[in-house]
Structure formats: structure tokens, C-alpha cells
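# Examination of the molecular architecture
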Amino acid sequence: EYVTPTWYYPVDFGVSNAYYIVYSCPTGAVWINEFNVVDYNHGTDWQFVELAGRNGTAIGNWHIESYPPNNASTPDATFTLTNGAVLHSPTNGYGFWVMGMSAITPRDMTFAGGLPPYSGGIALKRSFGALENAVCYAFSPGDVSVLTDNGFTYVGSDDFFYNMPLYLYGDLTNGLQWSNV
């Protein structure tokens, strides 16, 4: 949901000079790259979400939201990245940022968990609330149909033995899609 910034003044849209918002990076430049919600050996004690994009991209005050499988309008939890957060640790020009529980090292932000195990959704939103990326996971796509009907991309189920990496496949003529295989 878009929130009008406090600095946006005056708010008489048709009378004053036009305003526009300049993003800190282009749309689609940052995505949920990998996550873990449940693990065979550690249960839900090793939860994390990794973001990726061009190294050095500013993501300060962005939000990671956790959704139950049957509700796409109200997140279970919202985690706000610190003001100076940027993608870092470059590999081939891409940078990364990790929110994880205390057992996950290295990490950029610690959280106490709260991602729904087995099925749910994770959304990445910009500081003013615009949706940047949203994925959902479950054993069956039907288990998260409420989320996919509202713009979340189904990526399969979180493997009990491995983290959930997401791969971009396809080509420009056939379209690009996210997958976990």
C-alpha cells in the first residue's frame, strides 16, 4: 500500500508543480535470492532470507514481510532494514544482503524467526511500500493460491535438506520465470 511521504508538500496534486519519486534503483533490480524456513536437522532455528541485485544498491528502510498461506493482505511480520543497508559482498557484479536468525553467519540483520514453515509467502517492499518482489512456497501450488492470485510467484517447497535457492530461467522470447530447480 502506497503511503504519501511527509515531505510531499503541498499535496494539491492538480495545482502545484508536479512531483515524482526517484527510486534508489530500477524496478526489479533487487530480488529474494534464497531462503530457508525449515531444515531437517535444525527445524525452524536456521531461518533466513537473502536478497540479491547489483552490488552497492541502496536498500535502506526496505521491508521484508512474512505472509501465511491463506492471507495476502496482512503480513504476519514485517522486518525493516536499517537506513544505510546496501547490497554488498560482490560476486560477478552482484551484491547480497542476509536477514537471518542468530545461528546464521554471516548475516546483516538478526531476527527471531517467524517465517511460516512449510507454506507461506515472503514479500520485499521498498521503503515507501511499493512491492519489489514476492515469492510463496508450499508442497502444492494450491496450498498458496490466495498468494499467487495476489502477485506472489510460486517457487515450490522448501527442501528439508537444502536452502531454497531461486533460479531465473527462460529467454527473452519465451519469458523469464523463477524456479527452485
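Higher on the page you've got the structure.
This is a predicted model, so every value here is computed, not measured.

This part covers the overall build of the chain. Of regular secondary structure, the chain possesses one helix and 13 strands. For the chain, the sequential pattern of α-helices and β-strands runs β-β-β-β-β-β-β-β-β-α-β-β-β-β. Residue pairs at least 24 apart in sequence account for 53% of intrachain contacts in the chain once pairs closer than 6 positions are excluded. With an accessible surface of roughly 10000 Å², the chain has 53% of that area assigned to carbon and sulfur atoms.

This part takes up the packing of aromatic side chains. Under the criterion given, the structure shown has five aromatic pairs. Ring centres of W31 and Y94 lie 6.0 Å apart, and the angle between their planes is 70°; this geometry places the pair in the edge-to-face category. One end of the pair, W31, is in strand β1 (residues 30–36); the other, Y94, is in strand β6 (residues 94–100), with 63 residues separating them in the sequence. Assessed through its relative accessible area of 17%, W31 is described here as buried. Summarising the aromatic geometry, the rings of F79 and F111 are spaced 5.0 Å apart at their centres and angled 70° between planes, so their arrangement reads as edge-to-face. One end of the pair, F79, is in strand β4 (residues 77–80); the other, F111, is in the loop between β7 (109–110) and β8 (120–125), with 32 residues separating them in the sequence.

Within a sheet, adjacent strands bond to each other through the backbone by hydrogen bonds, running parallel or antiparallel. Read from one edge of the open sheet, five strands run β4-β3-β8-β9-β10, paired in mixed fashion. Unpaired on one side and paired on the other, β4 and β10 (153–154) mark the two borders of the sheet. Pairing of strand β3 (residues 63–67) with β4, which is carried by four bridges, proceeds in the antiparallel orientation. Within β4, the position partnered with H63 by the bridge is T80.

The next subject is the pattern of salt bridges. When the charged atoms of two side chains lie near each other, side chains of opposite charge can form a pair. Considering all chains together, one arrives at two salt bridges under this definition. A salt bridge links E65 to K125; the shortest N-O distance between them is 3.1 Å. With a gap of 60 residues between them, E65 in strand β3 and K125 in strand β8 connect regions that are remote in the sequence. Classification of K125 as buried rests on a relative accessible area of 15%. Linking E132 and R126 is a salt bridge whose minimum nitrogen-to-oxygen distance equals 2.9 Å. For E132, a relative accessible area of 11% corresponds to the buried category.

The rules we used
- Residues numbered from 1 in each chain as written.
- Predicted model: local features only at pLDDT ≥ 70, side-chain atom pairs only at ≥ 80, totals over all residues.
- Heavy atoms only, no water.
- Helix = DSSP H or I, 4+ residues; strand = E, 2+ residues; numbered from the N terminus.
- Contact = heavy atoms within 4.5 Å.
- Areas by Shrake-Rupley, 256 points an atom, 1.4 Å probe, with all protein chains shown as cover.
- Phe/Tyr/Trp six-rings, centres within 6.5 Å; stacked < 30°, edge-to-face > 60°.
- Buried < 20%, exposed > 50% of the residue type's maximum accessible area, 1.4 Å probe, protein only.
- Pairing = 2+ DSSP bridges.
- Salt bridge = Lys/Arg side-chain N within 4 Å of Asp/Glu carboxyl O.

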